Amino acid sequence: MSAESGIKTFRDADGLWEGHDVMEVATPEGFARNPELVLDFYNQRRRQLFEVEPNAAHKALAALEDHFDVSIITQNVDDLHERAGSSNIIHLHGELLKARSSYNDTDIFDWKNDITLKDRCKKGHQIRPHIVWFGEAVPMIEPAALLCEKADILMIIGTSMQVYPAAGLMHFAKPETPIYYIDPKPAITHSKHVTVIAENATTGLPKAIELIQTI
Ligand SMILES: NC(=O)c1ccc[n+]([C@@H]2O[C@H](COP(=O)([O-])OP(=O)(O)OC[C@H]3O[C@@H](n4cnc5c(N)ncnc54)[C@H](O)[C@@H]3O)[C@@H](O)[C@H]2O)c1
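A few points on the structure.

What counts and how
Residues numbered from 1 in each chain as written. Predicted model: local features only at pLDDT ≥ 70, side-chain atom pairs only at ≥ 80, totals over all residues. Heavy atoms only, no water. 1 Å grid on protein atoms, 1.4 Å probe; cavity = no way out; pocket = protein on both sides within 12 Å on 5 of 7 lines; lining within 4 Å. Points joined across faces, edges and corners; volume = space filled by probe spheres on them. Helix = DSSP H or I, 4+ residues; strand = E, 2+ residues; numbered from the N terminus. Nonpolar A, V, L, I, M, F, W, Y, C, P; charged D, E, K, R; others polar. Pairing = 2+ DSSP bridges. Axes fitted to C-alpha atoms, helices over the stretch in contact; angles between N-to-C directions. Phe/Tyr/Trp six-rings, centres within 6.5 Å; stacked < 30°, edge-to-face > 60°. Buried < 20%, exposed > 50% of the residue type's maximum accessible area, 1.4 Å probe, protein only. Lys NZ or Arg CZ within 6 Å of the ring centre and 35° of its normal. Core = buried A, V, L, I, M, F, W, Y, C linked by side-chain atoms within 4.5 Å. Expected span 1.5 Å × (residues − 1). Arc of directions from axis to C-beta. Contact = heavy atoms within 4.5 Å.

## Observations regarding the layout of surface pockets
In this approach the atoms are scanned with a rolling probe the size of a water molecule, which exposes any empty space left behind.
Inference 1: Approximately 350 Å³ is the volume found for the second largest pocket.
Inference 2: Surrounding the second largest pocket, 19 residues form its lining, Arg 100, Asp 105, His 130, Val 132 and Pro 139 being those nearest its centre.
Inference 3: Elements with a minimum of two residues in the lining of the second largest pocket: strand S4 (89-91), strand S5 (94-101) and strand S7 (127-131).
Inference 4: No other element matches S5, which puts 5 residues into the lining of the second largest pocket.
Inference 5: Among the residues forming the lining of the second largest pocket, the class breakdown is 7 nonpolar, 6 polar and 6 charged.

Printed below as a string of structure tokens:
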């Protein structure tokens, strides 16, 4: 979704995220080994947010609310859906503009600046980015699965479907629910209820929207 806004995807080049091994910057072990590097990595990602804008695909999903009851489940940690004007957003993997106590997962607060090793929560614990790292629980997966179960239409946009449990969400949809999957390098193939649109989000989404208006 955010690639065309200039944000690199998770495994954009050779399995690296912005030049880093994901195990180095997206695991609790990586944070324990080198907290400065991990904080700096997310500080850079957070600063980048102030330089990017929602693209036509974010805006098209927000506009879809004029005609449909839309809920967004995103793996993205940016705020581009919010800025495009979408109302119901579940961030499965956390948010760059939030921080939390590294001692208590539920002590979460807004955070716009860099996080340093000097930053403490009110109880005196080191704070960390509010990001779900590999090996950590995904607390928002249950409400996300319920939404997929209830959905009349499911759209999947821009994912290589490698990260679980997110990749399993489509299986919560009712068997007859039409699914539209938009990705220039799709990880699943066309089937009875799955329409694959092998394009970028900004060009593929208008096509999917045209198709759902004829259902
Ligand atoms: N904790 C985190 O920060 C975190 C964790 C997981 C995923 N993410 C983000 O969630 C998104 C999906 O996660 P993933 O694990 O599938 O990432 P991934 O990097 O494995 O896959 C990205 C997918 O996006 C597709 N893509 C590239 N450009 C596109 C475009 N213009 N329009 C539509 N699709 C495009 C690629 O073909 C690929 O299938 C990524 O953007 C990733 O950055 C963030």
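## Things to note about the sheet that holds strand S6 (residues 108-110)
Inference 1: Across the sheet, 3 strands lie side by side as S6-S5-S7; this open sheet has antiparallel pairing. Taken across any chain shown, the strands that pair with only one partner, and hence form the sheet edges, are S6 and S7. For this sheet the average axis-to-axis angle between neighbouring strands, irrespective of direction, equals 45°.
Inference 2: In this structure, S5 lies alongside S6, joined through 3 bridges in antiparallel fashion.

## What about the packing of aromatic side chains?
Inference 1: Tallied over the entire structure, the rule returns 5 aromatic pairs.
Inference 2: When the centroid spacing of 5.1 Å and the interplanar angle of 90° are considered together, the rings of Phe 41 and Tyr 42 count as edge-to-face. Across the pair, exposure class does not vary: Phe 41 and Tyr 42 are buried alike.
Inference 3: Among the aromatic side chains, those forming a connected cluster through ring pairs are Phe 31, Phe 41, Tyr 42 and Trp 133.
Inference 4: We note Arg 45 situated over the ring of Phe 41; from NZ or CZ to the ring centre the distance is 4.7 Å.
Inference 5: The residue whose ring lies beneath Arg 128 is Trp 133, and the NZ or CZ to ring-centre distance is 3.8 Å.

## Focus on the nonpolar core
Inference 1: In terms of nonpolar packing, the biggest core is built from 23 residues, with Trp 17, Tyr 42, Leu 96, Ile 115, Ile 127, Ile 131 and Trp 133 touching the most fellow members.
Inference 2: Contributing elements (two or more residues each) for this core: helix H1 (22-25), helix H3 (35-49), S5 and S7.
Inference 3: A total of 5 residues in this core trace back to one element, the largest contributor, which is H3.
Inference 4: The next biggest cluster of nonpolar side chains, apart from the first, holds 20 residues, and it includes Ala 144, Cys 148, Tyr 181 and Val 194.

## A look at the environment of Ala 26
Inference 1: Tracing the backbone through its elements, the reader meets Ala 26 in the loop between H1 and helix H2 (28-33).
Inference 2: Its relative accessible area of 3% is what places Ala 26 among the buried residues.
Inference 3: Counting along the chain gives 182 residues from Ala 26 to Ala 208, while the straight-line C-alpha distance between them is 32 Å.

## Some points on the sheet that holds strand S9 (residues 179-182)
Inference 1: Strand order in the open sheet formed by 3 strands is S8-S9-S10, with parallel pairing between adjacent strands. Two strands lie at the open edges of the sheet, namely strand S8 (154-157) and strand S10 (194-197), each paired on one side alone. Pairwise comparison of adjacent strand axes, ignoring direction, gives a mean angle of 15° for this sheet.
Inference 2: Looking at chain direction, S9 and S10 are connected through 4 bridges and run parallel. Residue Ile 179 lies in a different strand from S10, and its bridge partner there is Val 194.

## Examining helix H7 (residues 201-212)
An α-helical turn contains 3.6 residues, so a residue and the one three or four places further along point in the same direction.
Inference 1: Given a rise of 1.5 Å per residue, 12 residues ought to cover 16 Å, and the 16 Å separating the end C-alpha atoms of H7 matches this to within 8%.
Inference 2: Residues Ala 201, Gly 204, Leu 205, Ala 208, Ile 209 and Ile 212 constitute the buried set of H7. With its buried residues spanning 140° around the axis, H7 presents them on a single face.
Inference 3: Looking at the buried positions of H7, the neighbouring elements they touch are helix H4 (56-63), S8, S9 and S10.

In short, shape yes, function no, at least from these values alone.
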